[in-house]
Every structure is written in structure tokens, then in C-alpha cells.
Amino acid sequence: MMEPGLYHILFISAGLFFIGVYGFLTRRNLITMLMSIELILNSVNLNFIAFNKYLWPGKLDGLFFTIFIIAIAAAEAAVAIAIIINLYRTHRSIDVEDAEQLKY
Amino acid sequence: MPNVIYILLIPILPFAAFLLLGLFGRKYIKNGAGIIGTLCMLIAAALALYIAYGYFFDYGKLDGVYRKIIPLKYNWLEFSPGISIDMGIVLDPISVMMLVVVTFISLMVHIYSLGYIKGEERFPTYYAFLGLFTFSMLGLVISTNIFQMYFFWELVGVSSFLLIGYYYDKPSAVAACKKAFIVTRFADLGFLIGILVLSYYGGTLDFNELIQRLASPESNEFKTAIASSFLGLSAITWGTVLVFIGGAGKSAMFPLHIWLPDAMEGPTPVSALIHAATMVVAGVFLVARLFPVFAISAPEALNLVGYVGAVSALFAAVIACTQTDIKRVLAYSTMSQIGYMMFALGVSGYGGEEGLGYTASMFHLFTHAMFKALLFLGAGAVIHYVHSNDMKDMGGLRKFMPVTHITFLIACLAIAGVPPFAGFFSKEEILLAAYQHNTSIYWIALITSGLTAFYMFRLYFNIFWNKEHHAHGEHHGEGGFVMMMPLILLAIGAAGAGFIHFGEFVSSDGAPLASVFHLQFSIAPVALGFAGILVAWILYKKQNDKPDKIAASVKSLYIAAYHKFYIDELYLFITKKILFNLIGRPVAWIDRHIVDGLMNAIGDLTRGIAELIKGFQSGKVQQYALYFLCGAVGLLLLFIYIWH
């Protein structure tokens, strides 16, 4: 069994990232879009961890950044869900197509 | 020496009354407003008399010549060394005389208005405006600096505007106040340019220095100014002529007189104060103030003053014979009398016996203020009584208004030049001065003096005799004590002011001028005056058809005079037809299509671009994200391209 190298992990990370972007652009449900954003963030986390482990094994900077991003993501999810709940109260829907009044 | 505080208080007191009544009058001191204004004026008038007494009999003379005393001079704005605007006080015979005249007439009008304006809604405002006017006029006469005078000159214009438009709900009053302001403002343009020309060549704005430099042939400034000429006239002549245009506008000289008759839309006491006794003589005062420059350095300008004055005097007298609105008759009579003062200056020389015209002009200014204020206040009492300005609605009032009748008669005799009333003496001096220097002006003046007597007595007979008056029962009498007292005081002035030996106090160079009196010389004008009165007596004492017959026999002249020789129409034609069409409309077109067009084009361009790109703001979150992604990828590609 072969030890996974940096490129494998970067490949997975890139895949995760584009899945997230695709989901964000195509899904109409706001919860699903939020989940897509989490996927993008996690792909970034994976990158940080991988670079930390393979290029600067003695340092912890990448680790700190990852923890920091997880904390931010949690806060962001809380805010986003609050917005979605409010949107649901006014529009009776969490479809992003229904929330497009904010325009010219 | 005079106490500066006392002199300062004379203009400051009316100004204080203006501030007090203007700020708090309508809310807090509604009923006391008139009393406060009148008390301020009373103190100011007393101080003015005190100063005049001191100046003329105590400290004014030095070696037998009245000198200029400058008790206060404050350097206010300095443009360059030498040219500065100072605020100051000058005491010389004419300014002291004007202090007395202005405060006295203003006091009379203040007292009179207590009865006349009583019960008006804007009573305090009226007194506030009167205070402002008196302040500005007093500031004008004590100016040491030509620019200081210009400030106060504009201030009297503003207060005149405010007071003419006092009945601001009457469209004719609004039109009249605008007309007065615009016409005098237009003339003031000439004044301002004149100031600039004179100060450029004189190198100073101070009256004293200006006169010293420009009226003495030895000075360098004089030589340069005389040498530099434009269209054949020297710079001094141009400067003085331009200054005179300002004075002619304010003094309602032909052809800038059109505002004065319309100004009669204001309350009658205001007409008495501003448009008869004080403000309208500001132009005469201005010429008198700069008199040495006119007389020594710019004889052409002085000639112009003389002829403009003479033409105005005759022109206005002819119109006055046909008007039926009593205030308009008085307005034209004022214009005619100011014409007298102007040409008296115009025929005068500088110094000694030559300066008789100057003395006569100031003398006439003094006596005219008395009897013309009296005439206006009397007319005000009549209007108050019959509620009409038109002499057709009057007649036979002598039994109903005895005090007004007698005082009005005294004023009419004074203006007609009947001895021994005030107007006789001053008019004799003017005629004598004209006779000695310019015969054509003398003849014009003589004819005018006959006409004056005629139209004044036409007015008098039409108001107090002619048809019988039918009392309407609800009449409120002649007006109270406050309205009669100023009439009586002014009547005393109009009857007795002529006995002052004016030449001893006021003369062109300050040295006393012996009053010369030629009995045989005064026969012609007095006879003409009596003839005028007699004609008026025949035509108007009893109601008859003779005036109409005479009017019909000189129909075209009568109609032309009745319509004021169509000067107003001429002005309207020039402004509306020529100026508006040839200048106004093209300029408006340029403004609308080129200036505005440019701005509109910029606006349209911005809006068009916005219209094109606003579709990006669709409100769809995912679209934005897509744009963002495309941008990020584009930038990425760009960076890769650059780095490789």
C-alpha cells in the first residue's frame, strides 16, 4: 500500500473545491448552497493541512489557519442560517430564485 | 471742539431704534413702537441742533472761515497705501445743515406717523424702516470718504425701496418699489464707475484729499488727469459726469426721473421724508460735496449739471400742471424744485461772490425741505380725510380742515416764492445766480417759477375751494394733535426760514457771503408768481368749465403732458422691445440651448450608460457568483500569462 503524496491530496482538494463551486452555482436551495460553501472551505482546509505536513513539517502555521477557518465557518453558518430563517418568514420559501428583489 | 460721542449718537440712535423695532417690534413692543422711534429721533434732533449751534457759533470758524472738522476717522478697509475705505464723520457747513434738516424732518414725520399709520398691522416695521432710513441718510451726509458715502447711498436706496413697498399687498406699490430700486441702481452704476475713475486719478478715496488733489492745478494728479482724455473730455470730466449720473438718478433728474412719481405709492409721510425733503436731495448734496472738483476742474460737467437741472425743472413743472393725483403733482413739483437746486449749482463758481449759486442751492435745499415736507404732510392729512388721492374727489375742505388749510396755504405761498415766505428768499438767490452766469437758464427758471405758482395754487384751490364738500357724517375730523403739531411746526419753518442769512453760514469756500438783495431784480419773478396764482384763482376757485376749454384748445400738448410726455412708454419700449428682443432673447437662447444643453448632454450620457449596464444588477446571487468566478479565473489566466 502506497503512502498518499502531496499531489493526491491536492487532487482531492481541487475536486472538492469544484464540486463546491458547481453546487453553489447550480443549486437553488439556500441550505444546499451553504453546504457547497462549506465544501469549498474544507477544500482550502485540506490544502493548508497538506502543505503544512509535506513542505514544513516542523511548523504549525497551516494547522492554526485551519482551526481558524473552522471557527469562522461555524460563525458564518450561524449567520447564514439566521438569514435563511428570516427569509423563510418573509418569503415562505428558501429558494434563491425567490429572493431577488435587491436589484436596480 | 465737539464731543465725538454726541455726534456719533445722532446716526446711532435711529439705527438702535431700527434694530430694536425690527427684531422685537412685532412680538413684544407692538404698541410702544412709535413712541420708542419718536423718542430716539427726538434725542437725535436735539443733539443735531446742539452740534449745529456749537459748530456755527462756537468752534466752527477759524480766521473767519468755516473749516472742515473731522472728529472721527476710522481706517476700515485698506486696498493699497493711500486708497482705503474709512468710516468717519466730517463737520462742515453743509453736513451740519443736513444733520439738522434730516433729523428735524424725520422727527416731524415720526410724530405725524403716530397718527397717520396708527392701527396698521405692521406699525413697528414701519418705524423700524423709518429708523433705518434716517440712519442711512445721516451716515450719508457725514461721510468723510466717497466710498462710505456710496455705502450709505445704497442703504438709503434700500430703505426707500422698503418704504415704497410698505403696502406690499398692493400690486402698484410693489411695481413702484421695484421701479425705484432698479432705476436708481442703474444710475448708481454710473456713480460707482465715477468713483473708480476719480479715485484712480486722485489716488485716494478721501473727500478732502480728493478735492485737494483734483481741484488744484498745481498738483501732479490734476495734471495727469487733465492730460488723459477720452472722446475729447478729460478724465476728471468723465469721472464727475459719471458721479453726477448717480446723483441725477437719486435726485430724479430728467431722464432718470421716472421712478419718483411712482414712488408716491408709499405711505404719505414716507413721501414727505424720503421723496421730498431728504433722500432726493442726496444728488444735490453729492454735487455740492464734490463742488470744487466740478467748478475748478470740470466746467463741462458743471454745465451739464446746470442744463439737466434747468430742463428737469421746466419739464416737471409742465407735467405738474396736468396731473390730478395730488401726490403726483407734489412729486413733479419736487422734481422741479430739485432741478432748481441742481442748476443753481450748475451756474455757480467757486469762491467769494462767484459762489452765490452754491449758497443759493443749499439755501433752497433747506427751505424746500421745510415747505415740501409740509405740503406732503398736509396732503397726507387731506388723503386721510377723504380717502382718495384724486383732486376730483376733493374741494371745499377749508371749513373742515382749518389747520391743514392754513398750513398748506403757507407752504404754497412759500413754494410759489411770495415774500416774505421762505421760498421767496432762496428762489431769489437762485435766479440772481442764474442771471449773472447763464441767461438761458435764467429764462427757463423764470418761466418755471411762474408755472410753479400756477400748479401749486391749482392744487390748493382744487383741494380747499372749488366745489362744496359734503360731509359724510362718519368723518373723524382733521386728525389728532400728533398730526397737526408737525404741520404747525413746519409751517413756522416754511414761513420764517427765509430770514436766516444763509450766506453767512454756507458758502462754497467757507467764507461768509454777504446776502445781497436787489429789490428791482425780484419784481419779475414775484410778478410772475402772482400772475400764476391769479390764473389759478380764476380757473379753479369756483367750479367752471374754463380749465377744460383751455385744455381742449391746446389738446395735443395737454395730452402729452398728462401722459408725462410718454417718457415711461419710451422706457418700456426701449427695455421691452429693444433690450429684451435684441439682447434678452438671444442670451436666453444661448443659456437654454448651449449652457443648459451641455449640462443636459452630460446628464443624458450618464443615464444612457447606466441604462446599458444596470442589467448586471439582477438580484440573482448565483449570477454574481458566476461573474466573480469568471473574473477570478480571468485574473488567474492574466497572471499566468504575465509571469511566463
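In this text the structure is predicted, and so the values were computed from the model without any measurement.

Quick notes on the rules
All residue numbers refer to position in the chain's written sequence, counted from 1. Ligands are numbered from 1 and chains lettered from A, in the order in which they are written. Only residues with pLDDT of 70 or above have their local features reported here, since the model is predicted, and side-chain atom pairs are shown and tallied only from 80 upward, although totals for entire chains, interfaces and linings are computed over all residues. With hydrogens and water stripped out, all remaining heavy atoms of the structure feed into the side-chain values. Runs of E in the DSSP output that reach at least two residues are strands. Runs of H or I that reach at least four are helices, and both are numbered from the N terminus. Only protein chains enter the area calculation, which uses a 1.4 Å probe; residues under 20% of their type maximum are buried, those over 50% are exposed, and those in between are partly exposed. Working rule for contacts: check all heavy atoms of both residues, and any pair within 4.5 Å makes them a contact. Per-residue and other accessible areas follow the Shrake-Rupley method at a 1.4 Å probe size, with only the shown protein chains counted as cover for residues. As used throughout, the charge tally considers Lys and Arg to be positive and Asp and Glu to be negative, leaving His and the chain termini uncounted. Every charge is mapped to an atom, namely NZ of Lys, CZ of Arg, CG of Asp or CD of Glu. Both definitions apply: the radius of gyration is a C-alpha atom measure, and the globule rule equals 2.2 Å times residues to the power 0.38. Strands were regarded as paired on the criterion that DSSP finds at least two bridges between them. Here, a salt bridge means any Lys or Arg side-chain nitrogen found within 4 Å of an Asp or Glu carboxyl oxygen. When two parts are put together, the accessible area they lose, computed with a 1.4 Å probe and summed over both, is reported as buried area. Any pair of N or O atoms that falls within 3.5 Å is considered a polar contact. Within protein, one atom must be able to donate a hydrogen and the other to accept it, and sequence-neighbouring residues count only if both atoms are side-chain atoms. pLDDT measures how confident the predictor is about each residue, on a scale from 0 to 100. Helix span, expected: 1.5 Å multiplied by one less than the number of residues in the helix. Here an angle of 0 to 180 degrees is reported between the N-to-C directions of two axes, which are lines fitted to C-alpha atoms, with helices fitted over the stretch in contact. Working rule for angles: under 35 degrees goes down as roughly parallel, over 145 as roughly antiparallel, 65 to 115 as roughly perpendicular, anything else as oblique. Note on convention: near helix rotated counterclockwise from far helix by under a right angle means a left-handed crossing. Clockwise means right-handed. Each residue receives one of three labels: charged for Asp, Glu, Lys and Arg, nonpolar for Ala, Val, Leu, Ile, Met, Phe, Trp, Tyr, Cys and Pro, and polar for the others, Gly being one of them. What makes a patch is a set of residues exposed beyond 30% relative accessible area and free of salt bridges, joined within 9 Å when like-charged and within 5 Å when nonpolar (Val, Leu, Ile, Met, Phe, Trp, Tyr). When two cysteine sulfur atoms lie within 2.5 Å, the pair is treated as a disulfide.

Undergrad: It is not clear to me how the overall build of chain B should be interpreted in this structure. Could you clarify?
TA: Scanning chain B from terminus to terminus reveals 26 helices and 6 strands. If one aligns the C-alpha atoms of chain B with their principal axes, the spans along those axes are about 120 × 70 × 55 Å. Residues classed as buried in chain B amount to 56% of the 644 residues present. Within chain B, residue pairs in contact and separated by at least 24 positions form 78% of the contacts whose partners lie at least 6 positions apart. With the model as given, the accessible surface of chain B reaches about 26900 Å², and the carbon-plus-sulfur share is 70%. Averaging the coordinates of the 39 positive side-chain charges in chain B and doing the same for the 37 negative ones gives two points 9 Å apart.

Undergrad: Would you take a moment to explain the overall build of chain A for this structure?
TA: Looking only at helices and strands, one finds 3 helices and 0 strands in chain A. Reading chain A from its N end, one meets helices and strands in the order α-α-α. Against the compact-globule benchmark of 13 Å for 104 residues, chain A has a radius of gyration of 17 Å, which places it well outside the compact range. If you line up chain A on its principal axes, its C-alpha atoms span 50 × 30 × 25 Å. Out of the 104 residues belonging to chain A, those deemed buried represent 24%. Of the contacts made within chain A by residues no fewer than 6 positions apart, 59% connect residues no fewer than 24 positions apart. On chain A, roughly 7400 Å² of surface is accessible, and the fraction owed to carbon and sulfur atoms is 73%. Across chain A, the 7 positively charged side chains and the 8 negatively charged ones have centroids separated by 2 Å.

Undergrad: What exactly am I supposed to notice about the environment of His110 of chain B here?
TA: All names here are of chain B. Within the fold, His110 resides in helix α3 (residues 93-116). On the basis of relative accessibility, which here comes to 1%, the residue His110 falls in the buried class. Residues His110 and Leu42, 68 residues apart in the sequence, show an inter-C-alpha distance of 9.2 Å. Ignoring any residue separated from it by four or fewer positions in sequence, one finds His110 in contact with Gly37, Thr38, Met41, Tyr127, Leu130, Gly131 and Thr134.

Undergrad: Quick question: what am I supposed to make of the pairing of strand β3 (residues 69-80) of chain B here?
TA: Each regular strand displays side chains that alternate between the two surfaces of the sheet. Residue and element names in this part refer to chain B. Bridge count for β3 against strand β4 (residues 83-91) is 8 bridges, and the pairing is antiparallel. Following the sheet pairing, Ser80 is matched in β4 by Ile83. Counting the residues in the hairpin turn of β3 and β4 gives 2 residues, including Gly82, whose phi is positive at 100 degrees.

Undergrad: Teacher, can you tell me more about the pattern of salt bridges here?
TA: All names here are of chain B. Scanning the entire structure with this criterion turns up 12 salt bridges over all chains. Note that Asp206 and Lys73 form a salt bridge whose closest N and O atoms lie 3.1 Å from each other. With Asp206 in the loop between α6 (171-202) and α7 (207-214) and Lys73 in strand β3, this residue pair connects regions lying 133 residues apart in the sequence. Taking the relative accessible area as the measure of exposure, Asp206 reaches 4% and is therefore buried. Where Glu265 meets Lys170, a salt bridge forms, and the shortest distance between an N and an O atom there is 3.4 Å. With a gap of 95 residues between them, Glu265 in the loop between α10 (259-262) and α11 (268-277) and Lys170 in the loop between α5 (146-164) and α6 connect regions that are remote in the sequence.

Undergrad: Looking at this model, I keep getting lost on the interface of chain A and chain B. Mind explaining?
TA: Interface extent is often summarised as the accessible area lost during association of the parts. Contacts between chain A and chain B engage 14 residues on the former and 12 residues on the latter. Overall, the association of chain A and chain B removes approximately 970 Å² of surface from exposure, summing both partners, and the carbon and sulfur fraction of that is 66%. Broken down residue by residue, the surface that chain A buries against chain B is led by Leu25, Glu100 and Tyr104 of chain A, which jointly contribute 51%. The interface formed by chain A and chain B holds 1 salt bridge in total. In this structure, the salt-bridge partner of Glu100 of chain A is Lys620 of chain B, at a minimum N-O distance of 3.6 Å. Where chain A touches chain B, the interface holds 3 residue pairs in polar contact (both at pLDDT 80 or more). Per element, the largest residue contribution to the side of chain A that touches chain B is 4 residues, and it comes from helix α1 (residues 6-26) of chain A.

Undergrad: Would you take a moment to explain the confidence of the model for chain B for this structure?
TA: Any segment with low pLDDT has predicted coordinates that should not be analysed in fine detail. With 98% of its residues at a pLDDT of 70 or more, chain B has an overall mean of 85. Scored as a whole, the predicted complex attains pTM 0.78, and scored at its interfaces, ipTM 0.87.

Undergrad: Teacher, can you tell me more about helix α1 (residues 4-24) of chain B here?
TA: An α-helical segment advances 3.6 residues per turn. Residues three or four places apart therefore align on the same side. Relative to the 30 Å expected for 21 residues at 1.5 Å per residue, α1 of chain B spans 29 Å between its end C-alpha atoms, a close match to the ideal helical length. Looking at the packing, one finds that the buried side of α1 of chain B touches α2 (33-59), β3, β4, α3 and α4 (123-141) of chain B.

Undergrad: Would you take a moment to explain the packing of helix α14 (residues 299-320) of chain B against helix α15 (residues 326-346) of chain B for this structure?
TA: Two quantities define a packed helix pair, namely the angle between the helix axes and the distance between the axes. Residues and elements named next belong to chain B. In contact at an axis separation of 7 Å, α14 and α15 are set at 155 degrees when each is read in the N-to-C sense. By the angle class used here, α14 and α15 are roughly antiparallel. As α14 packs across α15, the resulting crossing turns out to be left-handed. The segment α14 lies against α15, with Leu302, Val305, Gly306, Gly309, Ala310, Ser312, Ala313, Phe315, Ala316, Ala317, Ile319 and Ala320 engaging Val329, Tyr332, Ser333, Met335, Ser336, Gly339, Tyr340, Met342, Phe343, Leu345 and Gly346. When grouped by side-chain class, the residues that make up the contact of α14 with α15 number 16 nonpolar, 7 polar and no charged.

Undergrad: What's the story with a nonpolar patch on the surface in this structure? I'm lost.
TA: All names here are of chain B. The grouping of Leu570, Phe573, Ile574, Ile578, Leu579, Phe580, Leu582, Ile583 and Val587 at the surface amounts to a nonpolar patch, some 820 Å² of accessible area in total. Note that Leu582 resides in helix α25 (residues 567-613). We classify Leu582 as exposed; its relative accessible area is 60%.

Undergrad: Even after reading the chapter, I still don't get the side chain of Thr204 of chain B, so can you show me in this structure?
TA: All names here are of chain B. Among the structural elements, Thr204 can be located in the loop between α6 and α7. You can call Thr204 buried: its relative accessible area is 1%. Only 3.3 Å separates the side chain of Thr204 from the side chain of Glu209, close enough to count as a polar contact. Other than its neighbours up to four places away in sequence, Thr204 contacts Gly82, Ile83, Ser199, Glu209, Leu210 and Arg213.

Undergrad: Hey, could you run me through the state of the cysteines in this one?
TA: A covalent bond between the sulfur atoms of two cysteines is referred to as a disulfide. All names here are of chain B. Evaluation of the coordinates by the stated rule reveals 0 disulfides over all chains. Considering cysteine sulfurs only, Cys412 is the nearest to Cys321, which forms no disulfide, with 13 Å between them. Take Cys321: its relative accessible area is 13%, and that puts it in the buried class.

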